[in-house]
Amino acid sequence: MIRTGERQRNILEFALSSLHRRRGRNLSLLAMYVLIIFVLASLLFFVSALKREAALVLHDAPDLIVQRMIAGRQELIPVEYGAEIASIRGVAEVRSRLWGYYFDSWNGANYTVIAHNSPTGTEGGAAIGSGVARSRKVKVGEMFPLRTPGTEPLLLEVKTIFPDSSDLRAADLIIISTADFSRLFNFPVGKVTDLAVTVTNVRELPTVAAKIASLHPDSRPILKSEIQRTYQSIFDWRGGMTLLILLSAVLSFIIFAWDRATGLSAEERKEIGILKSIGWETSDVLLLKFWEGCAISLPAFLLGVILAYGHVFFLSAPLFSQALKGWSILYPRFQLVPVVDISQLLVLFFLTVIPYTTATIIPSWRTATIDPDAAMRS
Amino acid sequence: MITLSGVTKAFSCGKPNEFTAVTNVTLEIPPRQVTVFKGPSGSGKTSLLTLIGCMSRPTSGRIQLHGLGVPIPFQEDTAVPLEITGLPERFLTIIRRSIFGFVFQQCNLITGISVLENVMLPAYTSGERLSEVARRALLLLEQFGVARHARQPVELLSGGEAQRVAIARALINNPAIIIADEPTAHLDSKLSQEFMEIVSGLKRDGKSILIASHDPIVFDSGIIDRVVEMRDGTILDDRSVR
Amino acid sequence: MRNSSRFLLFVVVGVTVIALLPCHAHYRQQASLRPMNRPPEELTELQLTDLCLVTEARHTRHPSLADRHAPFQEHPLALEFFPSGSFILPPSPHDSP
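So, here's what we can say about the structure. (Residues numbered from 1 in each chain as written. Chains lettered and ligands numbered in written order. Predicted model: local features only at pLDDT ≥ 70, side-chain atom pairs only at ≥ 80, totals over all residues. Heavy atoms only, no water.)

### Looking at the packing of aromatic side chains
Put simply, the rule is: Aromatic rings from Phe, Tyr and Trp, taking only the six-membered ring of Trp, are treated as a pair when their centres fall within 6.5 Å; an angle between ring planes under 30 degrees marks them as stacked, one over 60 as edge-to-face, and anything in between as tilted. Working definition: helices are DSSP H or I runs of at least four residues, strands are E runs of at least two. Numbering for both runs from the N terminus. Three exposure classes are used, based on accessible area relative to the maximum for each residue type with a 1.4 Å probe and protein chains only: buried under 20%, partly exposed in between, and exposed over 50%.
Tallying each qualifying case throughout the model produces 17 aromatic pairs over all chains. On the basis of an interplanar angle of 85° and a centroid distance of 5.5 Å, the ring pair of Phe45 of chain A and Tyr309 of chain A is categorised as edge-to-face. Of the two residues, Phe45 of chain A sits in helix H2 (residues 23-60) while Tyr309 of chain A sits in helix H11 (residues 282-314), which places them 264 residues apart along the sequence. Given the relative accessible area of 2%, Phe45 of chain A is considered buried. Plain terms: the ring middles of Phe100 of chain B and Phe102 of chain B are 6.2 Å apart, the flat faces sit at 35° to each other, and that makes the pair tilted. Accessibility assignment for this pair places Phe100 of chain B and Phe102 of chain B in one class, buried. Taken together, the aromatic side chains of Phe45, Tyr309, Phe313 and Phe314 of chain A make up a single cluster linked through ring pairs.

Structure, rendered in structure tokens:
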């Protein structure tokens, strides 16, 4: 047993000094390998963390949202619709929601403005997301103007700034009172943006949605489950971002493994011949190649995953946020709460470390089975 | 002692390009002697050495090793002659590693790694502690006067030094029999003489030495006990020199 | 120290760090659920439906509430809001009437 362990270690020792010979090549190989794993693992961490955040947000979302569609566009919905929907059996509550977008021509950012009568949302006051505070450079207690369709701008006092930790929900929010909302947008009386419906029994939701649709054919009920599905598809592996990165990483990995698999040089072949002639068994040679593969792929996996964790959860994924930012002026500064999906890490391990190590062993196989006297005949 | 009886080695059996390298060779090689296999290239001497050295198996005939004094894992009783003809490759490798040391025409050193590691290489797979192997390797390098190069990569060695490192590598597992195939082919006369001196030292240490060569410096050397002359796979002449 | 020992040590340290990642994640998740780290009540009351990830267009800010054809205005491969616009997909098909 000790001899077996010692044999493994001796062969590992030789594998390491063998890799050390082609230091430049192997270090660049390692660097590229780390990079691929880093990108893939970052993506896994990033997406699973966002999924968790989305699930938390959706937890608070209403069971059903009713929009009104005219000519394929969302239009304002009359408040009477709300009253009629409230009378449907199984509907517990209908809340009218007033919200919209405000384009800030001063800096090109888009804000989401929501009317909500809460303690801070008194007339003339506003609760804003930290993204808004950053782009408008305002602090609590300061005033800031918003353009209205009329001549007078709407002056608002910042009552609350939501903390950075809620940026993923609220970075671009401006919450003001209903009266200010009407003034800001010159909002038509008797209309709201959409209706949030709560039902007594979630299982009746499709029935309620069907009743609403037949009651008002111009309405579009959006179920909570549909919202969930939307988010699932965004973060699905087939989703645009994920697919793009996944494809490029997998492609480069294949090229890279291919290079390994086909790249058994004449020199390497000669070395295997020498090893065989001085008393190494075929299994010893394969073990050597196995350790050579492991000596690259194992550290690459470990480093890649650890760096990715740091990148996503300590540095907030600067690599991806650039892509997500796109042309947005206002971008949330979120610190993601870490989520580690062990099964995904295992899949990553099996899709990268195992193929690479195999790709190192397989081409040596044929060479390793040559007769030991080949070296003598050359 | 090594005994060969009716040993034949054919390549590409049953194919049009079939040829027989060794034909019906019967021979006894006593221990602790220097035996030279002499003959032109293609005379079958290298093939015969690979057969004795457990590198390949004869097509027919038997090869036996007697009184090796080295316990083999599957045959503890060292007094019984060991029939190597029918053994599976795994066992042949074990025998090759523990009983034979090889010196090749080319030095066959692995470039890029140090002299010391090259000498240690045959012992890596035995599961011995590397520190112990390194100690032995350094002793051997000292014995051959190349210890100062131990940490250098092998490419920096001169031809003669490389040859000595190759001999040190052949000796690392303390084999009873040394097999050298055209060891002086790439050496000038002075280095060839030096090589024969090393061989005489090994003989003094009680090793059996088998050399395939057609170099007069080798077979006319005073330390040779026996010359076996070969041609076309058969033995022409087998004479004791002393 | 032998190279192999150094390598094995590196692997052991690496594996240990990776094994600690789920623990760290769990700890941080627990911490985020403490009252002081929860989002303000004012926000949860709003019954928000979407993550504020990309604010540049309606269908990227509120993917779940956008017109169903809105994402197609720049999809697929339209470069208007590339790259963010191209990975916010259209909402999944309706299952209610």
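### Some words on the interface of chain C and chain A
We apply this condition: Any pair of residues with heavy atoms lying within 4.5 Å of one another is described as a contacting pair. A quick way to say it: buried area is the sum, across both parts, of accessible area lost when two parts are put together, with a 1.4 Å probe. The rule for a salt bridge is simple: a side-chain nitrogen of Lys or Arg has to be within 4 Å of a carboxyl oxygen of Asp or Glu. We define a polar contact as two N or O atoms separated by no more than 3.5 Å, with the added condition that, inside protein, one atom must be a possible hydrogen donor and the other a possible acceptor, whereas residues neighbouring each other in sequence contribute only through side-chain atom pairs. Residue polarity follows a fixed list, in which Ala, Val, Leu, Ile, Met, Phe, Trp, Tyr, Cys and Pro are nonpolar, Asp, Glu, Lys and Arg are charged, and the others, Gly among them, are polar.
Taken together, the contact pairs 63 residues of chain C with 95 residues of chain A. Around 6,800 Å² of area is buried between chain C and chain A when both sides are counted, 62% of it from carbon and sulfur atoms. Viewed at the interface, chain A and chain C are joined by three salt bridges. Counting across the chain C and chain A interface gives 20 residue pairs in polar contact (both at pLDDT 80 or more). When residues of the side of chain C that touches chain A are traced back to their parent elements, those giving at least two are helix H1 (3-33), helix H2 (41-44), helix H3 (58-61) and helix H4 (84-87) of chain C. Residue composition of the side of chain C that touches chain A, by class: 32 nonpolar, 19 polar and twelve charged.

### Considering empty space enclosed by the protein
Our working rule: Put simply, the grid is 1 Å and covers the protein atoms alone, a cavity is a trapped set of points that fit a 1.4 Å probe, a pocket is an open set with protein on both sides within 12 Å along at least five of seven lines, and lining residues have an atom within 4 Å of a point. Grid points are joined across faces, edges and corners, and a volume is the space filled by probe spheres set on the points.
Under the criterion given, the structure shown has eight cavities of 30 Å³ or more. When its volume is computed, the largest cavity comes out at roughly 110 Å³. Along its surface, the largest cavity is lined by 13 residues, and Ile278 of chain A together with Phe100, Gly101, Phe102 and Pro122 of chain B are the ones closest to its centre. Secondary-structure elements contributing two or more residues to the lining of the largest cavity are helix H2 (89-99), strand E6 (100-103) and helix H5 (159-171) of chain B. The element best represented in the lining of the largest cavity is E6 of chain B, accounting for three residues. Broken down by class, the residue content of the lining of the largest cavity amounts to six nonpolar, four polar and three charged.

### Considerations on the pairing of strand E5 (residues 109-115) of chain A
Residue and element names in this part refer to chain A. Test applied: Two strands are counted as paired when DSSP detects at least two bridges linking them.
With respect to burial, E5 is a largely interior element, six of its seven residues being buried. The pairing of strand E4 (residues 91-104) with E5 spans seven bridges and is antiparallel. The residue bridging Tyr102 from the neighbouring strand is Tyr111, located in E5. Two successive antiparallel strands, E4 and E5, enclose a turn made up of four residues, where Gly108 displays a positive phi of approximately 80°. Where E5 lies against strand E9 (residues 173-176), four bridges are found, and the strand directions are parallel. For Thr112, the partnering residue across the bridge sits in E9 and is Leu173.

### So, the sheet that holds strand E5 (residues 82-83) of chain B
Residue and element names in this part refer to chain B. In space, the four strands of this open sheet follow the order E2-E1-E4-E5, with antiparallel pairing throughout. At either margin of the open sheet sits one strand with a lone partner, and together these are strand E2 (19-29) and E5. Examined bridge by bridge, strand E1 (residues 2-11) and strand E4 (residues 60-65) share five bridges and lie antiparallel to one another. Bridged to Thr3 within E4 is Gln64.

### With respect to the environment of Asp232 of chain B
Residues and elements named next belong to chain B. With respect to the element layout, Asp232 can be found in the loop between strand E9 (226-231) and strand E10 (234-240). Between the C-alpha atom of Asp232 and that of Arg164, which follows or precedes it by 68 residues, the distance is 31 Å. The residues contacting Asp232, other than those within four sequence positions of it, are Thr23 and Ser43.

### Looking at the sheet that holds E9 of chain B
Residues and elements named next belong to chain B. As a reminder, the rule being used: Convention adopted: a line fitted to C-alpha atoms gives each axis, helices being fitted over their contacting stretch, and angles between N-to-C directions are expressed from 0 to 180 degrees.
Taken together, six strands build an open sheet; the order of strands is E6-E7-E8-E3-E9-E10 and the sheet is mixed. Each edge of the sheet is formed by a strand with only one pairing partner; in this case those strands are E6 and E10. If you compare each strand with its neighbour and ignore which way they point, the axes differ by 15° on average. In the sheet, strand E3 (residues 34-38) pairs with strand E8 (residues 208-213) via five bridges, with the strands oriented parallel. Along E8, the bridge assignment pairs Val34 with Ile209. Contacts between H2 and the sheet are confined to E6 and strand E7 (177-181), with E6 contributing the most and set at about 75° to the helix.

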